[in-house]
Amino acid sequence: MRGAGIPGQHTLPLTAGVNSQEHLVIGGCDVVDLLAEFGSPLYVYDEETIRTRCRQYVAGLSSAVPDALVIYAVKAFANSAIFRVLADEGLGLDVVSGGEIYLAHRSGFPMDRVYFHGNNKLLDEIELAAELGVGRFVVDNFSELGRLDSLGQRLGVRLPVLIRVGPGVEAHTHDYRKTGVLDSKFGIPISTGQAETAVLQAIRARGVDLIGLHAHIGSQIFEMAPYLETVDIVLDFADRMRELHGLTLREFSPGGGWGISYTHEDDPMEPNEVAQTVGLAVWKTAADRGLPMPRVVIEPGRSIVGQAGVALYTVGAIKDIPGVRRYVAVDGGMADNIRPALYGAVYQPLLANRMDEAPSGQMTIAGRYCESGDVLVKDAQMPALHAGDIVALPASGAYNLAMSSNYNLALRPGAVMVRDGEARLIRRRERYDDLLAAETDLD
Ligand code: LLP
């Protein structure tokens, strides 16, 4: 098997290679065999890539600060088999819904390493989180702070909270992925004075324990400058809150959002470098200001699972419009990957069953759903494709299955985790009965 220099290598899992049949191999498994065994389409996750990313983040952050915690943003892909790998690597979880909390609990995840985020946490979710013992509530607004305070008082406990502040930092990414700007539905802005009010309220509240502060500026970000700016702004705020109101910053999270390669144009930093840079910035800024060193928590999602996951599709109908375009339709599309339609996300497809073939022309990889916008890759350079060929979309591990739907009553694809030549199902493909499970009027 050859590994180095294969097409699309920097977008593929770390174990990717090509075997003597010119098939793509991931985690020692030939993807053609995987489709034959598990059906198409299929999402393949490489355990080694996930573990490597976890270790890089943990090592990078721990090299910079004495008390470090890496938590995985579950919204990127919620799956119990992956949670077990993460628990094993010492990570925590960032969850945003009762569903994610419930899955973490049912997976046996240590709930004290679970952080509950979200801009409109529902009362029953907050109660569930308290009952299951989540480690932190990341407070997004005043009404939530009030609810947590009442609940804590009712339960006779102080619920551990971080306040999510809005630092007013703009990062270069798609508008839908910016969260650190003033005009955002997330967090309590520092610049308006509201974050100070929230800190005061939390310090005075008898039902919550204010552990620290959190900020998150967005997602699929490649530069470190906006993170360094965020560290500076939030620690400056923490320093003022210490002077004015006696805040002790025991924990600080500058969020997640580090980008991955979807195409050869993307050039992300390695996770250990990212984590170390952020950690050192906190360490230095806190030291300069004479702040006690807080525990530093970072929360990557995409960069833990994104590159580890590859989507595999089978080619079906091919339509040529002479002089206009060739459409190659596959057996998935926007129901399992909404990202091209939603963000104009670009992927670099591979012909997974003939990896040696050079591109021979331009074609558009279309999905099978009833929307003209259901295009996975526009104007891709690919070898000639035929029905039955296997198209792989690398960098599909984050926010694909996570944002999937049953549009057109589509069956969501299955997922397997591969390692050392073994594949195990971590999510079965849906069946028609799953689609009907919530219907109330069937006999
Ligand atoms: N922390 C918070 C508070 C977040 O809101 C997010 C992502 C993360 C951490 C993790 O960000 P990551 O490391 O995964 O970039 N659906 C979009 C991305 C939405 C991100 C939402 N929040 C996409 O497919 O590009």
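As a starting point, this report considers the structure included with it. Quick caveat, the model's predicted, so the values are computed rather than measured.

Basis of the calculations
- Residues numbered from 1 in each chain as written.
- Predicted model: local features only at pLDDT ≥ 70, side-chain atom pairs only at ≥ 80, totals over all residues.
- Heavy atoms only, no water.
- Near = heavy atom within 4 Å.
- Polar contact = N/O pair within 3.5 Å; in protein donor to acceptor, adjacent residues only side chain to side chain.
- Areas by Shrake-Rupley, 256 points an atom, 1.4 Å probe, with all protein chains shown as cover.
- Nonpolar A, V, L, I, M, F, W, Y, C, P; charged D, E, K, R; others polar.
- Domains from an automatic or database assignment.
- Salt bridge = Lys/Arg side-chain N within 4 Å of Asp/Glu carboxyl O.
- Helix = DSSP H or I, 4+ residues; strand = E, 2+ residues; numbered from the N terminus.
- Buried < 20%, exposed > 50% of the residue type's maximum accessible area, 1.4 Å probe, protein only.
- Pairing = 2+ DSSP bridges.
- Lys, Arg positive; Asp, Glu negative; His and termini not counted.
- Contact = heavy atoms within 4.5 Å.

A look at the site of the ligand
Near the ligand, the surroundings consist of 19 residues, among which S219, E299, R339, Y343 and Y399 are the closest. In this structure, G257 approaches the ligand through a main-chain N or O atom, which is 2.9 Å from an oxygen atom. Y343 is positioned with one of its side-chain polar atoms (N or O) 2.7 Å from a nitrogen atom of the ligand. The protein chains hide 91% of the 580 Å² of surface that the ligand would expose on its own. Classifying every residue of the shell around the ligand by side-chain character gives 6 nonpolar, 6 polar and 7 charged. Here the shell around the ligand gathers at least three residues from each of two domains, domain 1 (9-39 + 308-435) and domain 2 (48-305).

Let's talk about the pattern of salt bridges
One pass over the structure, following the stated rule, counts 25 salt bridges. A salt bridge links D94 to K75; its shortest N-O distance comes to 3.9 Å. On the criterion of sequence distance, the pair formed by D94 in strand β6 (residues 92-95) and K75 in the loop between β5 (68-73) and α3 (80-88) is long-range, its members being 19 residues apart. For K75, a relative accessible area of 31% corresponds to the partly exposed category. R242 is paired through a salt bridge with D239; the nearest N and O atoms lie 3.0 Å apart. A residue pair is termed a helical-turn pair when its members lie 3 or 4 positions apart in one helix, as R242 and D239 do in helix α8 (residues 225-245) at 3 residues. Owing to a relative accessible area of 29%, R242 belongs among the partly exposed residues under this scheme. For D239, a relative accessible area of 11% corresponds to the buried category. Here the salt bridges do not stand alone but share partners, grouping E47, R51, R55, D88, E89, R419 and D420 into one network.

So, the sheet that holds strand β1 (residues 17-18)
Here we have 3 strands laid out as an open sheet, ordered β1-β2-β3, and antiparallel in their pairing. At either end of the open sheet lies a strand with only one pairing partner, and these are β1 and β3 (29-30). Direction of pairing for β1 relative to strand β2 (residues 24-26): antiparallel, over a ladder of 2 bridges. In the sheet register, V18 faces β2, and the bridge partner there is L24.

Considerations on the side chain of D140
For D140, the location among the structural elements is in the loop between β8 (136-139) and α6 (142-155). Look at D140: it is buried, it has no salt bridge, and the nearest opposite charge is R164 at 4.1 Å. Only 2.9 Å separates the side chain of D140 from the backbone nitrogen of G187, close enough to count as a polar contact. Apart from residues no more than four positions distant in its own chain, D140 is found in contact with G118, N119, K121, R164, K185, F186, G187 and I188.

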